[in-house]
Amino acid sequence: MKLPVVVYPDKRLKLISTEVTEFDADLHEFLDNMYDTMIESNGIGLAAIQVAIQKRILILCIPNEEGEQHYEDLLEIINPVLSNEQGSIVYQEGCLSVPSFYEDIERHEKVTLDYQDRHGKAQRLEAEGLLCVAIQHELDHLDGKLFIEKLSYIRRKKFEKEYKKLQKSKKKEAS
Ligand code: Y12
Ligand code: CO
């Protein structure tokens, strides 16, 4: 089932998400709904707070070389902890909660991620490239941060002006 996506400037996107302690059927159903929401919205990553659930959960499904997303490549990441951050990479980021806006953002080039899977089992992965960028983007959501906060003052001002205009025209279109 597709869930409604919370969109900037909704204040819920600023909330700090809390640890998951129950790895039960409700969690599994929620993860399945997150997957449907991400795929039906053409996303490659989604954090729980983007569907209004304040829990330390994110999912990622990085497309293969043909640009296809497969369920087998889905990563369900719960209570993540980042370490061993190395280097830097600039990548054009987008976010389902900030529709129609993409910008180059600097992140670490390589990271190690410890997390729990849907059964509460401890997992570790080493990431680089798009996976590494997307992990950092989604982890920021768990701490109430959006990629637009990484823009320079001037670029942010320009974004706010353009975004307001776009939201206005979308509202007019819908009415
Ligand atoms: C770099 C860093 C992080 C990520 C993962 C999270 N972002 C997304 O999954 C963004 C998806 C997205 C999809 C959109 O929809 C379409 O393209 C049809 C989109 O467009 C609109 O909202 C109009 C914007 C973002 C990825 C890369
Ligand atoms: Co995002």
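Treat the numbers as computed from the prediction; the structure is a model and nothing was measured. (Residues numbered from 1 in each chain as written. Chains lettered and ligands numbered in written order. Predicted model: local features only at pLDDT ≥ 70, side-chain atom pairs only at ≥ 80, totals over all residues. Heavy atoms only, no water.)

1. Let's talk about the overall build of the chain
When you go through the chain residue by residue, the secondary structure sums to three helices and seven strands. Along the chain, helices and strands appear, N-terminal first, in the series α-β-β-β-β-β-β-β-α-α. Here the C-alpha radius of gyration of the chain, 16 Å, is about what a compact globule of 175 residues would show, namely 16 Å. Here the chain, with 175 residues, has 42% of them falling under the buried criterion. Sequence-distant contacts in the chain: of pairs separated by 6 or more residues, those separated by 24 or more amount to 64%. When the accessible area of the chain is evaluated, it comes to approximately 10,100 Å², of which 51% is carbon and sulfur surface. The chain carries 24 positive and 32 negative side-chain charges, and their two centres are separated by 13 Å. (Helix = DSSP H or I, 4+ residues; strand = E, 2+ residues; numbered from the N terminus. Rg over C-alpha atoms; globule rule 2.2 N^0.38 Å. Buried < 20%, exposed > 50% of the residue type's maximum accessible area, 1.4 Å probe, protein only. Contact = heavy atoms within 4.5 Å. Areas by Shrake-Rupley, 256 points an atom, 1.4 Å probe, with all protein chains shown as cover. Lys, Arg positive; Asp, Glu negative; His and termini not counted. Charge placed at Lys NZ, Arg CZ, Asp CG, Glu CD.)

2. What about the coordination of the cobalt ion (ligand 2)?
Protein ligation of the cobalt ion (ligand 2) involves C95 (SG), H137 (NE2) and H141 (NE2), the donor distances falling in the range 2.0 to 2.2 Å. Here the donor residues for the cobalt ion (ligand 2) map to a single chain with the spacing C-x41-H-x3-H. Taken as a pair, C95 in strand 4 (residues 89-95) and H141 in helix 2 (residues 129-142) lie far apart in primary sequence, 46 residues in all. Overall, H141 belongs to the buried group, its relative accessible area being 1%. (Donors = N, O, S within 2.8 Å, 3.2 Å for Na, K, Ca; no water.)

3. A closer look at the packing of aromatic side chains
Scanning the model with the defined rule gives six aromatic pairs in all. Both rings, one in Y8 and one in F159, keep their centres 5.9 Å apart while their planes meet at 45°; by these two values the pair is tilted. Of this pair, Y8 sits in the segment before helix 1 (25-40) while F159 is found in helix 3 (residues 153-174), placing the two residues 151 residues apart along the sequence. Of the two residues examined, Y8 and F159, each falls in the buried class. Look at F101 and F159: their rings are 4.5 Å apart centre to centre, the planes differ by 55°, and that puts the pair in the tilted class. (Phe/Tyr/Trp six-rings, centres within 6.5 Å; stacked < 30°, edge-to-face > 60°.)

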